[in-house]
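# Structural overview for review
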Amino acid sequence: MLNKRIEIETPLLRKIVSGINVSRYILSENEMRVIYPYKFIDGICHLIDTDTMAKSFPRALNYFREVRAVLDKRDRGSAKGNEWYKYIRTQNIGLQSFPKIAVPRLVQRLCAAYDIKGEFCFDNVDVGGILLKQKESLNPLYLLALLNSGLLNYFFTHHTVPFRGGFFSANRQYIEKLPIKIVNLSNSKERSLHDDLVKLVEVMLDLRKREQKARGHELD
């Protein structure tokens, strides 16, 4: 935008992933970052005010000021005012910092990966996020295993919209149709099956991370 090198304070930069960064069980990092001028207070996401920005993140604030004319034009000028650098669409902004499952919106095979630390931002265009309700006692790895299973993939490919090139739409309306078994954890047999599956996924995640790390070294 400014055709020059810009330096932004690292704490304001969040990793961002798109659909191509999601494979079975794992997210692949890239060099892309998004400026995230927000903080959490009591679980609620708040825009960092200009005074705090000036003290703690002066480089980011200076960048915002340099491009303010452009930012002010967003959404017909609705961002004008003291919060000119805020995001326009903030409905799910706070959810980006929660642990969540990523599912690409266009796939050749149903796949999902788990952002276990809530450190990634999903672009919400090419990749969607799934969060378990707070009252839900299921381990997210259980759901991750099902979303990566051949059985659900078979169901998915027969109940979604096909595209050219062997791709399928994995938008919300098709993910919601998947026959997910809700385990009764008070039932010892079902809990045992749930726990065994979670352990297998933990092993799979470890293997995929090692594989990813090894490939990184090969590229070096």
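Residues numbered from 1 in each chain as written. Predicted model: local features only at pLDDT ≥ 70, side-chain atom pairs only at ≥ 80, totals over all residues. Heavy atoms only, no water.

## So, the overall build of the chain
- When helices and strands are counted, the chain shows seven helices and 13 strands.
- Overall, the chain is about 60 × 40 × 40 Å in size when its C-alpha atoms are taken along their principal axes.
- Partitioning the contacts of the chain with sequence separation of at least 6, the portion at a separation of at least 24 is 61%.
- A total accessible area of about 14200 Å² is found for the chain, and carbon and sulfur atoms account for 52% of it.
- Distance between charge centres in the chain, computed from 35 positive and 25 negative side chains, equals 4 Å. (Helix = DSSP H or I, 4+ residues; strand = E, 2+ residues; numbered from the N terminus. Contact = heavy atoms within 4.5 Å. Areas by Shrake-Rupley, 256 points an atom, 1.4 Å probe, with all protein chains shown as cover. Lys, Arg positive; Asp, Glu negative; His and termini not counted. Charge placed at Lys NZ, Arg CZ, Asp CG, Glu CD.)

## With respect to the pattern of salt bridges
- For the structure shown, the criterion picks out ten salt bridges.
- Between Lys15 and Glu119 there is a salt bridge, and its shortest N-O distance comes to 3.4 Å. Separated by 104 residues along the polypeptide, Lys15 in strand β1 (residues 13-17) and Glu119 in the loop between β9 (113-115) and β10 (120-122) bring together distant segments of the chain.
- Across the salt bridge formed by Arg172 and Glu176, the nearest N and O atoms sit 2.7 Å from each other.
- With relative accessibility at 62%, the residue Arg172 sits in the exposed group. (Salt bridge = Lys/Arg side-chain N within 4 Å of Asp/Glu carboxyl O. Buried < 20%, exposed > 50% of the residue type's maximum accessible area, 1.4 Å probe, protein only.)

## Side note on unusual backbone geometry
- For Tyr25, which is not glycine, the phi torsion reads 80° and is therefore positive.
- Tracing the backbone through its elements, the reader meets Tyr25 in the loop between β2 (22-23) and β3 (26-27).
- For Tyr25, a relative accessible area of 10% puts it in the buried group.

## Regarding the sheet that holds β1
- Strand order in the open sheet made by the three strands is β4-β1-β10, with mixed pairing throughout. The two strands at the open ends of the sheet, each matched to only one other strand, are β4 (33-35) and β10. For this sheet, the mean inter-axis angle between neighbouring strands, taken without regard to orientation, is 50°.
- Relative to β10, β1 runs parallel, the two sharing three bridges. The partner of Val17 across the bridge, within β10, is Phe122. (Pairing = 2+ DSSP bridges. Axes fitted to C-alpha atoms, helices over the stretch in contact; angles between N-to-C directions.)

## Side note on the nonpolar core
- Ile101, Val103, Leu144 and Phe156 are the most contacted members of the largest nonpolar core, which has 28 residues in total.
- Looking at this core, the elements with two or more residues in it are β7 (100-104), α4 (140-147), α5 (150-157), α6 (172-175) and α7 (188-219).
- In terms of residue count, the dominant contributor to this core is α4 (seven residues).
- Look past the residues within four positions of Leu144 in its chain and what remains in contact with it is Tyr25, Ile101, Ala112, Ala113, Tyr114, Val201 and Leu205.
- Grouped together as the second largest cluster of nonpolar side chains are 21 residues, Ile16, Tyr63, Trp84 and Cys121 included. (Core = buried A, V, L, I, M, F, W, Y, C linked by side-chain atoms within 4.5 Å.)

## Overview of the packing of aromatic side chains
- Evaluation of the coordinates by the stated rule reveals eight aromatic pairs.
- Aromatic side chains Phe40 and Phe98 sit 6.4 Å apart centroid to centroid with 90° between the ring planes, which places their arrangement in the edge-to-face category. Placement of the pair is Phe40 in strand β5 (residues 38-41) and Phe98 in the loop between α3 (68-71) and β7, with a sequence separation of 58 residues.
- The exposure class assigned to Phe98 is partly exposed, which follows from its relative accessible area of 31%. (Phe/Tyr/Trp six-rings, centres within 6.5 Å; stacked < 30°, edge-to-face > 60°.)

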